[in-house]
Every structure is written in structure tokens, then in C-alpha cells.
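Structure assessment
The primary structure of each chain is shown beneath.
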Amino acid sequence: MTLTMKIWAHRGRLIPNLRGNTLADFQGVYKLGVHGIETDVCFTTPDETGSQEPIIYHPDPKNRGNPKVKILCLDNFLAFLKARPTLFCFLEPKENNEKLTDIIVQKITEYSLENRAYLTICQLRIPFLELEASPKLLLRARVQNPKIKIHLIATFPFSLPALVRKYNPSIISIGWLPDSKLSVWFFKTFLVKMVNLKQQIIQVQSMGIEIFGGIVNDRKDFEYLASLGVNGIMTDDSIAAMEFVKDRHAL
């Protein structure tokens, strides 16, 4: 069955209270049938020799130190993805680090996953919101591999066509901070009307760019984003989102 809207599991979560970013999480959402997984990449803390390894991990904002031991390494995650040809992923660097970005691009290339693994970069680096990677890293990534696909998080989506012209992404994500009533109000009450966001979405979709919305976890917000015409939803509640999309498909 081809679903009418793509569901991406934020940190590979089936339900919101899971820690996410584990192989068990990824296996669970794959079995559920999601289109893609968003996950985070950072370095381990340097060992005695100064060596670091890229791992699948979201640093704790209360404790910025990274783990000294491997959790799930980037190689193992990409091998998991490679073995599942219908699954896609967003890889978000959680450090504003050229070396880390270089390795992510190198690994995507090594595994021949340019068509399914997207480098995720923010329109604007905002560390206190855990948006760590600078858009300046995009140029470096594309020098390494011009085929690399970009997922751009639009922190201020006042002009989606301008973002397309500047960054040439394959996918743009829009939305609000899930725990901020002010952010929700700004997006739904002010931004959407001020910039005619729905028309902008249609415009960039006609240019071959997909628009995703999130991070949302309840049916009311799923319906709201669907009404804007997005191509997909990013969620921590993959079970509820898949049920919503299947219900829409059955209509």
C-alpha cells in the first residue's frame, strides 16, 4: 500500500517516551512501515590517544559531554539502512564540526546511500535549541560529494523559495517547538498568514522540493499540517502518525 503522506520517526521513536536513537528503536519503526528515520550523529569523547568515533547519539543538553564509549556507531547504523532499501534517513550532526560533517558525507558515500541518507542542516545555528550545525557546512559537504542530498530545517521560514535558491535542498522542514506555546502561536496564528505559507509550499513543491512538518505527536497537529499540504510529518509518536495516514488513505 502506498501511503499519501510520508512519516519520519524522530530519533526512531515509536512512542514519545522512548529515549530513541537505538538499534531496537530503528528496527521497531521499520517494522511499523515508516518512510524514514531522523537520527543524530556526534563524536565520542576523545580516548587516551585523542581518537574519536562517530556515533548515533543526542547529547544531553544538561550535560554537554559526549559518551566515552560507543553506543551505536555510524557504520552500524548505515549498514542497517543499506540492508533495508525502502528506508530513508536524516543524519543531523549535533556538533558544529567540520571533521564530523566530513565523516558523515564520507560514510554516506562509502555505503552508496546518496539517494536515501540526507545530511540535515539548520537554516540558522541556534545551540540553545539544540540546532548545532551551521549552514556553512553545506558548501563543504557538497565539495566532498556533489550528489549529497540536503534536508534543511527552516528555523525562520519567511521565504521558502529563497531558501531553495540559497541552499538547494531536497527537503525542507517547517514547524514549531513542541514544548513552546509561544512557538505554536507564532507559527499557526502569525507566520502562516503573514507569508502565505500554504502558497509558498505549493510553489517550492512545484520546483521538486518536498516539505515536511513537525515535530508533532497528536492527530490535531497531524491534520493541521496535512491541511497545509506538506509531503510528510516528523513525529515522536510513529504509531499514532501511521494510524492517521492509513485512515486518510482509506477515505
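Read on for an overview of the structure. Owing to the predicted nature of the structure, the values given are computational and were not obtained by experimental measurement. (Residues numbered from 1 in each chain as written. Predicted model: local features only at pLDDT ≥ 70, side-chain atom pairs only at ≥ 80, totals over all residues. Heavy atoms only, no water.)

1. Points about the environment of Asn21
As for its placement among the helices and strands, Asn21 is situated in the loop between β1 (6–10) and α1 (23–32). Excluding its chain neighbours within four sequence positions, the residues that come into contact with Asn21 are Arg11, Phe26, Glu38, Thr39, Asp40, Ile56, Tyr57 and His58. A polar side-chain atom of Asn21 sits 3.0 Å from a polar atom in the side chain of Asp40. (Helix = DSSP H or I, 4+ residues; strand = E, 2+ residues; numbered from the N terminus. Contact = heavy atoms within 4.5 Å. Polar contact = N/O pair within 3.5 Å; in protein donor to acceptor, adjacent residues only side chain to side chain.)

2. Concerning helix α7 (residues 197–205)
If you check which residues of α7 are buried, you get Leu197, Gln200, Ile201 and Val204. Down the axis, α7 shows its buried residues gathered within 105° of arc, on one side only. Where α7 is buried, its residues meet α5 (160–167), β8 (171–174), α6 (181–194), β9 (210–213) and α8 (219–228). (Buried < 20%, exposed > 50% of the residue type's maximum accessible area, 1.4 Å probe, protein only. Arc of directions from axis to C-beta.)

3. Structural notes on the pattern of salt bridges
This model, assessed by the stated rule, comprises 10 salt bridges. For Glu210, the salt bridge is made with Lys6, and the minimal N-O distance between the two is 2.6 Å. Pair noted here: Glu210 is in strand β9 and Lys6 is in strand β1, with a separation of 204 residues, a long-range link. Two residues, Asp221 and Lys188, come together in a salt bridge whose shortest N-O distance is 2.8 Å. With Asp221 in helix α8 and Lys188 in helix α6, the pair connects residues that are 33 residues apart, well separated along the chain. Given the relative accessible area of 10%, Asp221 is considered buried. By relative accessible area, which is 23% here, Lys188 ends up partly exposed. When salt bridges with common partners are traced through the structure, they connect Asp75, Lys107 and Glu110 into a single cluster. (Salt bridge = Lys/Arg side-chain N within 4 Å of Asp/Glu carboxyl O.)

Don't take any of this as a statement about function, it's just geometry.
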